[in-house]
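Fold and geometry: a report
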Amino acid sequence: MQPTEAEIMHYMHAAEREAEKAGLIGEVPIGAVVVHDGQIIGWGHNLREHTQNGAHHAEMMAIQEACLILHSWRLEDCDLYVTLEPCPMCAGAMINSRVRSCYWGAADPKAGAAGTLVDLLSDTRFNHQVHSVGGVDADKCAQLLQDFFRKIRKERKAAKKAARAAGQNLPHRHHGQNQ
């Protein structure tokens, strides 16, 4: 059964809250939830920096939790909501776990595997296809990312400026002279 527009937005807002959690701990703010029978059974946000594990994307974390809850690797009756278009790894995980549908927010021009660069989710050469709907609350999802990277650039610029200022205030030492 297809979710209503109101349900889609409700679950996307839950994914956005997960993205905000990631941003609060310095991770790129991407969030995901897995829904089964109208209930969220998997939550996830990026944890790559904290775990130093490149596989710890929001979708992967949400899929892992959903599999634990259902005691199955098959998520055939589940929908995944994510704030950024899935990358190839996450699209592959959705295909392999038989996710029914993926609703995603902002397009990813650098790694989007749900239609922007490639469309793995609907590729009939795979043994399963995932129904994909992109652009869900895309402006809000994109804004989360833009605000995060703007903040990072501002912090880096301030740190460089502080480092230059600190370097100028150091006393000069003349080599070869007794002090």
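Residues numbered from 1 in each chain as written. Predicted model: local features only at pLDDT ≥ 70, side-chain atom pairs only at ≥ 80, totals over all residues. Heavy atoms only, no water.

Some points on the side chain of H128
Counting through the fold element by element, H128 comes out in the loop between β4 (101-106) and β5 (131-133). Assessed through its relative accessible area of 17%, H128 is described here as buried. Within the local environment of H128, its side chain forms a polar contact with the backbone oxygen of V99, the two atoms lying 2.8 Å apart. When residues no more than four places from it in sequence are discounted, the contact partners of H128 are M94, I95, R98, V99 and L121. (Helix = DSSP H or I, 4+ residues; strand = E, 2+ residues; numbered from the N terminus. Buried < 20%, exposed > 50% of the residue type's maximum accessible area, 1.4 Å probe, protein only. Polar contact = N/O pair within 3.5 Å; in protein donor to acceptor, adjacent residues only side chain to side chain. Contact = heavy atoms within 4.5 Å.)

Here's the deal with unusual backbone geometry
At Q52, a position not held by glycine, the phi torsion is positive, near 55°. The residue Q52 is located in the loop between α2 (48-51) and α3 (58-70) in this model. At H71, a residue that is not glycine, the phi angle is positive and equals roughly 55°. Mapped onto the secondary structure, H71 falls in the loop between α3 and β3 (78-84). According to the relative accessible area criterion, H71 is exposed, its value standing at 74%.

A word on the nonpolar core
By size, the foremost hydrophobic cluster in this structure holds 43 residues, and its most contacted members are L80, Y81, M94, C102 and L121. Listing elements by their share of this core, those giving two or more residues are α1 (5-24), β1 (31-36), β2 (39-45), α3, β3, α4 (88-96), β4 and α5 (138-168). Sorting elements by how many residues they give to this core places α3 first, with six residues. In this view, Y81 contacts P3, I8, Y11, M12, A15, G31, A32, V33, V35 and Y103; residues no more than four positions away in its chain are not counted. (Core = buried A, V, L, I, M, F, W, Y, C linked by side-chain atoms within 4.5 Å.)

Focus on the packing of aromatic side chains
By the definition in use, this model includes three aromatic pairs. Summarising the aromatic geometry, the rings of Y11 and Y81 are spaced 5.2 Å apart at their centres and angled 50° between planes, so their arrangement reads as tilted. Residue Y11 is located in helix α1, and its partner Y81 is located in strand β3; the two are separated by 70 residues in the primary sequence. What makes Y11 buried here is its relative accessible area of 8%. Taking the relative accessible area as the measure of exposure, Y81 reaches 0% and is therefore buried. (Phe/Tyr/Trp six-rings, centres within 6.5 Å; stacked < 30°, edge-to-face > 60°.)

Describing the sheet that holds β5
Ordered in space as β2-β1-β3-β4-β5, the five strands form an open sheet in which the pairing is mixed. Each edge of the sheet is formed by a strand with only one pairing partner; in this case those strands are β2 and β5. This sheet shows a mean twist of 15° between the axes of neighbouring strands, independent of strand direction. Of the strand pairs in this sheet, β4 and β5 are connected by three bridges, and their pairing is parallel. From the neighbouring strand, Y103 faces β5, where its bridge partner is V133. (Pairing = 2+ DSSP bridges. Axes fitted to C-alpha atoms, helices over the stretch in contact; angles between N-to-C directions.)

Structural notes on a positive patch on the surface
A cluster of basic residues, R156, K157, K160, K161 and R164, forms a positive patch on the protein surface. Relative to the helices and strands, K157 is located in helix α5. Taking the relative accessible area as the measure of exposure, K157 reaches 63% and is therefore exposed. (Patch = residues over 30% accessible without salt bridge, like charges linked within 9 Å, V, L, I, M, F, W, Y side chains within 5 Å. Areas by Shrake-Rupley, 256 points an atom, 1.4 Å probe, with all protein chains shown as cover. Salt bridge = Lys/Arg side-chain N within 4 Å of Asp/Glu carboxyl O. Lys, Arg positive; Asp, Glu negative; His and termini not counted. Charge placed at Lys NZ, Arg CZ, Asp CG, Glu CD.)

Details of the UniProt feature "domain: CMP/dCMP-type deaminase" (unreviewed entry) in the protein chain
Using the residue numbers shown here, the UniProt feature "domain: CMP/dCMP-type deaminase" (unreviewed entry) corresponds to residues 6-117. This span, residues 6-117, is 40% helix and 23% strand, and a straight line between its end C-alpha atoms measures 29 Å. (UniProt positions renumbered as here; feature names shortened; annotations may be inferred.)

A closer look at the environment of Q143
Along the chain, Q143 falls in helix α5. The class for Q143 is partly exposed, based on a relative accessible area of 34%. On a C-alpha basis, the gap between Q143 and A106 in space is 9.0 Å, while along the polypeptide they are 37 residues apart.

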